[in-house]
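# Structural characterization, general
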Amino acid sequence: MLNLLQNLFSYTFMVRALIVGMLVSLCASLLGVSLVLKRYSMIGDGLSHVAFGAIAIAMAMQWAPLPIAIPVVVAAAFLLLQLSANSKIKGDSAIALIASSALAIGVMAVSLSSGQNTDIYSYMFGSILAMTDNDVYISIALSVIVLILFVIFYHKIFAVTFDESFAKATGIKSNVYNVLLALLTALIIVVGMRIMGTMLISSLIIFPALSAMRIFQQFRWVIIAAAIISIVCFFIGIVVSYQYSTPTGASIVIVNLIIFLICLASNFISKIIKRKIS
């Protein structure tokens, strides 16, 4: 095992992937708890499809993908909130509408362009080999910004997550913090695409939060547990991917799935034991 880790850390691209991936996993897990509790968990999947569409168009036009994708995904996050709040198209319907449209546009852009299939594939399913130095710098900077903003506004996000009406009554501008949550989610979706791919990045948001909720009930402990689970699952997934030459994103998702099933089983067993004792 020690030799495996030494070999793993001897490659520069693996070290870069670990640094970026752990930061992205941490941010995604923190945001994921609020998104799951607010029933916005599918927003990650919707925004990832939007990111794919933006990247496909950027690459077809031979533009830099990330600088194009970031503002487009952020704008899509704002649009989703507006559609959900102020129109007859609610929640999952708005997400499905935007996601399917963006994916169709992306597929059309790929089909009309030439020589982009390999690069697009790396964005769809993730590739640590595809990460450039600029990708690393942008990803680290945005991840740090997300972490700082989450810590600063933690109490406001907590209030809006559990009781939006009460938050409004106490003077908290819930709409502002809903927008902030969507903005942070959009940033994490974009920076995580290189490793996880647009098709799998939403799993980093959903799985750690669901696993942590099977163990703890208090928001703070769920946040802490989700962060730990997310980082550990990412690291194990990277090691498995390196050792067995499996796709990175898929390996990380499968590890998250196994941990979720373990947490689910332990929660079920603990309930049975409590019933027998009582």
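Below: a short report on this structure.

Quick notes on the rules
- All residue numbers here refer to positions counted from 1 along the written sequence of the relevant chain.
- Totals for whole chains, interfaces and linings use every residue, but because this is a predicted model, local features are given only for residues with pLDDT of at least 70 and side-chain atom pairs only at 80 or more, for both listing and counting.
- Only hydrogens and water are removed before side-chain values are computed, so all heavy atoms of the structure are retained for them.
- A run of H or I in DSSP counts as a helix once it spans at least four residues, and a run of E counts as a strand once it spans at least two, with each numbered from the N terminus.
- Each radius of gyration is computed over the set of C-alpha atoms, and the globule rule expresses the reference value as 2.2 Å times the number of residues to the power 0.38.
- Aromatic pairing here means that ring centres of Phe, Tyr or Trp (its six-membered ring) are within 6.5 Å. Orientation follows from the plane angle: under 30 degrees is stacked, over 60 is edge-to-face, and everything else is tilted.
- Burial classes follow relative accessibility: with a 1.4 Å probe on protein chains only, a residue under 20% of its type's maximum area counts as buried, one over 50% as exposed, and anything between as partly exposed.
- For the purposes of this analysis, a disulfide is any pair of cysteine sulfur atoms at a distance within 2.5 Å.
- Here an angle of 0 to 180 degrees is reported between the N-to-C directions of two axes, which are lines fitted to C-alpha atoms, with helices fitted over the stretch in contact.
- Crossing handedness follows the turn of the near helix against the far one: under a right angle anticlockwise gives a left-handed crossing, and clockwise gives a right-handed one.
- In this analysis, two residues are considered to be in contact whenever any of their non-hydrogen atoms come within 4.5 Å of each other.
- Gly is placed with the polar residues, together with every amino acid not listed as nonpolar (Ala, Val, Leu, Ile, Met, Phe, Trp, Tyr, Cys and Pro) or charged (Asp, Glu, Lys and Arg).

Scanning the chain from terminus to terminus reveals 13 helices and zero strands. Each helix and strand of the chain, ordered N terminal to C terminal, gives the series α-α-α-α-α-α-α-α-α-α-α-α-α. What you see for the chain is a C-alpha radius of gyration of 19 Å, in line with the 19 Å of a compact globule of 278 residues. Its C-alpha atoms give the chain principal-axis dimensions of roughly 65 × 55 × 30 Å.

Moving on to the packing of aromatic side chains. Inspection of every chain in the model, using the stated rule, returns ten aromatic pairs. Judged by centre distance (6.0 Å) and plane angle (55°), the ring pair of Tyr11 and Tyr242 falls under tilted. Taken together, the positions of Tyr11 in the loop between α1 (2-9) and α2 (12-37) and Tyr242 in helix α12 (residues 219-244) put the pair 231 residues apart, joining distant regions of the chain. Of the residues examined, Tyr11 reaches a relative accessible area of 39% and is grouped as partly exposed. Accessibility expressed as a relative area gives 26% for Tyr242, which makes it partly exposed.

Quick look at unusual backbone geometry now. At Gln62, a position not held by glycine, the phi torsion is positive, near 60°. Mapping Gln62 onto the fold places it in the loop between α3 (43-60) and α4 (65-86). Phi at Ser245 takes a positive value of approximately 55°, unusual for a residue other than glycine. Exposure remark for Ser245: the relative accessible area of 67% places this residue in the exposed category.

Let's shift gears to the state of the cysteines. Inspection of the entire model under this criterion finds zero disulfides. The closest cysteine sulfur to the non-disulfide-bonded Cys27 is located on Cys233, 16 Å from its own sulfur.

Contact geometry for α2 and α12: axes closest at 8 Å, N-to-C directions at 145°. Read as a crossing pair, α2 and α12 show a hand that is right-handed. Contacts between α2 and α12 involve Met14, Ala17, Leu18, Gly21, Met22, Ser25, Leu26, Ser29, Leu30, Val33, Ser34 and Leu37 from the former and Phe219, Val222, Ile223, Ala226, Ala227, Ser230, Ile231, Phe234, Phe235, Ile238 and Tyr242 from the latter. Residue composition of the contact of α2 with α12, grouped by class: 18 nonpolar, five polar and no charged.

This next bit is on the environment of Leu66. Structurally, the position occupied by Leu66 is in helix α4. Taking relative accessible area as the criterion, Leu66 reaches 5% and is therefore assigned buried. Note: C-alpha distance between Leu66 and Ser203 (137 residues apart in sequence) is 20 Å. Aside from chain neighbours lying at most four places away, what touches Leu66 is Asp135, Ile138, Val190 and Met193.

Function cannot be read off these values alone, since they describe shape.
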